[in-house]
Amino acid sequence: MKQYSGQVISEGTVLAKVFIGETITPNIEKMNVKDITNEETRLDEACLEVMSFLHKSIKRAKQEQIAEGIGIIDTHIALLSDDSKQSLPHRAKQLIHEETCNAEYALETVAGRMVDEFDAISKSGYLSARGEDILHIKNMLINTLLGVTLGCEIAEPAIIYSDRLSPEQLTSFDPKLIKGIVTAKGSALSHTAIIARNMNIPFLTGIKIDAGSVHPDMIGIIDSESNTFILDPDETTVHSYNIKMRENEEKALLIKEKAKELVGSCKVALYANIGRPCEVADAISNCAAGIGLFRSEFLFLDAKETVDEQSQYEAYKEVINAMDGKPVIVRTIDIGADKEAKCIKLPKESNPALGTRGIRISFANPDVFRTQLRALLRAAYCSNLKIMFPMISSLWEVKKVIEEVDYVAAMLKEEGIDYAKPPIGIMVETPAAVMILDDIAPYIDFVSIGTNDLTQYALGIDRTNENLSDYYDVRHKAVLELIRITVEKAHKHGISVGICGELGADIKLAKDFLKMGVDELSMPASKIPAMALALEGEVSVDSDILVPVDGYLIPMEEIPDAVFSKGLVGRCVGIYPENGIVTAPFDGVVTMIAKTKHAISIKSQNATEVLIHIGIDTVSMDGRGFEINVNEGDVVKAGSKLLTFDVDMIKDVGLSPIVIVVILPN
Ligand code: PEP
Ligand code: MG
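What comes next concerns the included structure. (Residues numbered from 1 in each chain as written. Chains lettered and ligands numbered in written order. Predicted model: local features only at pLDDT ≥ 70, side-chain atom pairs only at ≥ 80, totals over all residues. Heavy atoms only, no water.)

## Re the sheet that holds strand S20 (residues 588-593)
We count it as follows: In this analysis, strands are considered paired if DSSP registers two or more bridges between them. In this text, helices come from DSSP runs of H or I with a minimum length of four residues, and strands from runs of E with a minimum of two, each type numbered from the N-terminal end.
Taken in spatial order, the seven strands of this open sheet run S17-S18-S26-S22-S21-S20-S24, and their pairing is antiparallel. Edge positions in the sheet fall to strand S17 (551-554) and strand S24 (635-636), since each has one partner strand and no second. For S20 and strand S21 (residues 599-604), the ladder comprises five bridges, and the chain directions are antiparallel. By the bridge assignment for S21, Gly588 is matched with Ser604.

What follows is the structure in structure tokens.
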């Protein structure tokens, strides 16, 4: 039994057979060759074989809906089909000519030079990831030249060990059979890491084992809690890990089950972050009460041309429809810094994280911005969509985005196209935005704190710099103080506050955020159940008032009717109903039933009076779809049925079925 310590790329504990991937390239020696043409032909044939492997991999990624994989393999196909003089195969051939050397050596040398060139341009994460792309292609070509079959079909569940693992190789495995990944090299920023995290595969890097010593059927254990990889564990270790994993599994199942009941009653709304429409299913299965951050730039990252209005509209609608009335917050494209899209030209800058990114990209590309706003305003029609703008640091930027929204709305109106102007919010990602929030707040409806960038800009640390990870402290007192100030200022102006950066998933800090008054936490969908459990007991309304309808909680500020959202009738919450049954929130007397049956109020003995208002503007339904079970003056018991209503009928007439529970002022 041998134990290794590594860096966690993706969390989890797993025990499975170890499978040695074939990306470990042997030391390549230089050989003098006589037949240069033969070396060129070998290289050409290897390129064809790798290309065919890449096409197979992309097919599999599509079948398995591994969205990130599709884009990355596309990039590799593009790199390999590049017939410019700067491409890897072309430069390798040139070296074969210049040094009459073997193709393997030429590839190894040229790839090394290309990576150095990338590093010389910038140390930014994006370019390092591009260097990794070159190395993956080089490894595949060398392996092919050496006669190693690309891609590995594993027949049973396995932990893959590899020197490096390319995204293609990862997606070439049956995803159901990859239980874990251990590599010698790799970074948390690499594309392979992104895919592994999205696929929930435990992944450790920085571990060098002697691959030759691994026999078939040898077992390995990844334990991300202790950052360890155990090779060939003894019986006692296997036994204790089997117990630990069974317990973990049972706990996860229980958490998910319990979360279903808890998510809706959390004082703070638990939302999911997504990057693509296909991720919304995960948000739903993990009981997300809304989408707190749809990183719309993911639609653009691997697109060859900018994404047209209709495609964007369909992507937003897909998420909106799937969320069935729950809030969906779409962030306009945040390209730049470590995210590059081929379809949007970025200026060459020495400091991309402080450069043209976020809203600056949208202002620099007005056509792209207006196209996105058109798609968003169209999708906002009859829906609970909100738009959020990234990297805001000045008031003029906010005024300009509002002007743009107004301009696009006027265009759509003139063209006779259905649209709506949705609530508008900003991401608080710069200390500047925090400090001038009093000026900005009157122009917006909500804010969401992007703690990843807020930490980067508050502490002055490049968030992608692995060497500075010890300094990048997301729980730094300065960051927490900036969050507290944001909440204080936003609430002073009656607007809601979410956290959608990584800190939104921080269970240790969640209760502190609740105390600060944060209204919404948005996180990777898989983290929601555990968060709901951690916040159990932090119920939404006064403990002596029962929730009168099953459903998802909507903070007051997010109710799509100013009469309620501004608190004009009293303190209230919205509930997006799961069914049409309204029950009494406490023992009391029915004090009012609206003629049109869409509202009822109850008064308790201690004089608390609650108004339950079904839907927005449902007075116009004139009682259709509503059934009252009580009369004015009736004494009712907590939990007894007051009325029923037809949720679908309300939706069918184009109205919102959100139930508003108002505590009427004495
Ligand atoms: C953030 O900065 O916290 C955030 C959510 O945005 P991103 O991570 O996409 O930059
Ligand atoms: Mg950000």
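## Focus on the coordination of the magnesium ion (ligand 2)
For the record, the criterion: Here the coordinating atoms are restricted to nitrogen, oxygen and sulfur within 2.8 Å of the metal centre, or 3.2 Å for Na, K and Ca, and because water is not among them the sites may look incomplete. Exposure categories follow from relative accessible area, calculated using a 1.4 Å probe and restricted to protein chains: below 20% of the type maximum is buried, above 50% is exposed, and the middle band is partly exposed.
Only Glu429 (OE) and Asp453 (OD) from the protein reach the magnesium ion (ligand 2) as donors, at distances of 2.0 Å. Note that Glu429 is positioned in the loop between strand S13 (424-428) and helix H15 (431-435) and Asp453 in helix H17 (residues 451-459), a separation of 24 residues in sequence. Residue classification places Glu429 among the buried residues on the basis of a relative accessible area of 2%.

## Considerations on the sheet that holds strand S16 (residues 520-524)
What counts here: Each axis is a line fitted through C-alpha atoms, and for a helix only the stretch in contact is used; angles between axes span 0 to 180 degrees, taken between their N-to-C directions. Two residues form a contact once any of their heavy atoms are found within 4.5 Å.
Spatially, the eight strands close up into a barrel ordered S9-S10-S11-S12-S13-S14-S15-S16, and their pairing is parallel. With strand direction ignored, the average angle separating the axes of adjacent strands in the sheet is 25 degrees. Taken together, the four bridges between strand S14 (residues 446-449) and strand S15 (residues 496-499) define a ladder with parallel strand orientation. Following the sheet pairing, Ser448 is matched in S15 by Gly498. Helix H18 (residues 477-492) contacts S13, S14 and S15 of the sheet and is inclined by roughly 155 degrees relative to S15.

## Some details on the side chain of Lys489
Structurally, Lys489 can be placed in helix H18. What Lys489 contacts, discounting residues up to four positions off in sequence, is Val434, Met435, Leu437 and Asp438.

## Some thoughts on helix H14 (residues 395-414)
Note the threshold: The span you would expect from a helix comes to 1.5 Å times its residue count less one. Directions pointing from the helix axis toward each C-beta atom define the arc.
In this model H14 runs 29 Å from its N-terminal to its C-terminal C-alpha over 20 residues, within 8% of the 28 Å that 1.5 Å per residue would give. Listing the buried residues of H14 in full gives Glu397, Val398, Val401, Ile402, Glu404, Val405, Val408, Ala409 and Leu412. Viewed end-on, H14 has its buried residues packed into an arc of 155 degrees, placing them on one side of the element. In H14, the exposed residues that point more than 90 degrees away from the buried face are Trp396, Glu403, Lys413 and Glu414. In the segment just after H14, Gly416 is the residue with positive phi, at about 70 degrees.

## What to know about the packing of aromatic side chains
Geometrically, a pair of aromatic rings is defined through the distance of the ring centres and the angle of the planes. Threshold: Stacked, edge-to-face and tilted labels apply to pairs of Phe, Tyr and Trp rings (six-membered ring for Trp) whose centres lie within 6.5 Å, assigned for plane angles under 30 degrees, over 60, and everything in between, in that order. Definition used: whenever NZ (Lys) or CZ (Arg) falls within 6 Å of the ring centre and also within 35 degrees of the ring normal, the charge is taken to sit over that ring.
Going through the model one piece at a time under the given rule, you end up with six aromatic pairs. On the numbers, 5.9 Å between centres and 80 degrees between planes, the contact of Phe294 with Tyr316 is edge-to-face. In this pair, Phe294 is assigned in strand S10 (residues 291-295) and Tyr316 in helix H11 (residues 309-323), connecting sequence segments 22 residues apart. Taken as a pair, Phe294 and Tyr316 share a single burial class, namely buried. Between Phe626 and Phe645 the ring centres are 6.3 Å apart and the planes differ by 25 degrees, which places this aromatic pair in the stacked class. One end of the pair, Phe626, is in strand S23 (residues 626-628); the other, Phe645, is in strand S25 (residues 641-645), with 19 residues separating them in the sequence. With respect to burial, Phe626 and Phe645 carry one shared label: buried. Members of the aromatic cluster, each reached through a chain of ring pairs, are Phe363, Phe369, Phe389 and Trp396. Positioned above the aromatic ring of Phe446 is the side chain of Lys386, whose terminal nitrogen or guanidinium carbon lies 5.8 Å from the ring centre. Over the ring of Phe363 we find Lys400, and its NZ or CZ is 5.1 Å from the ring centre.

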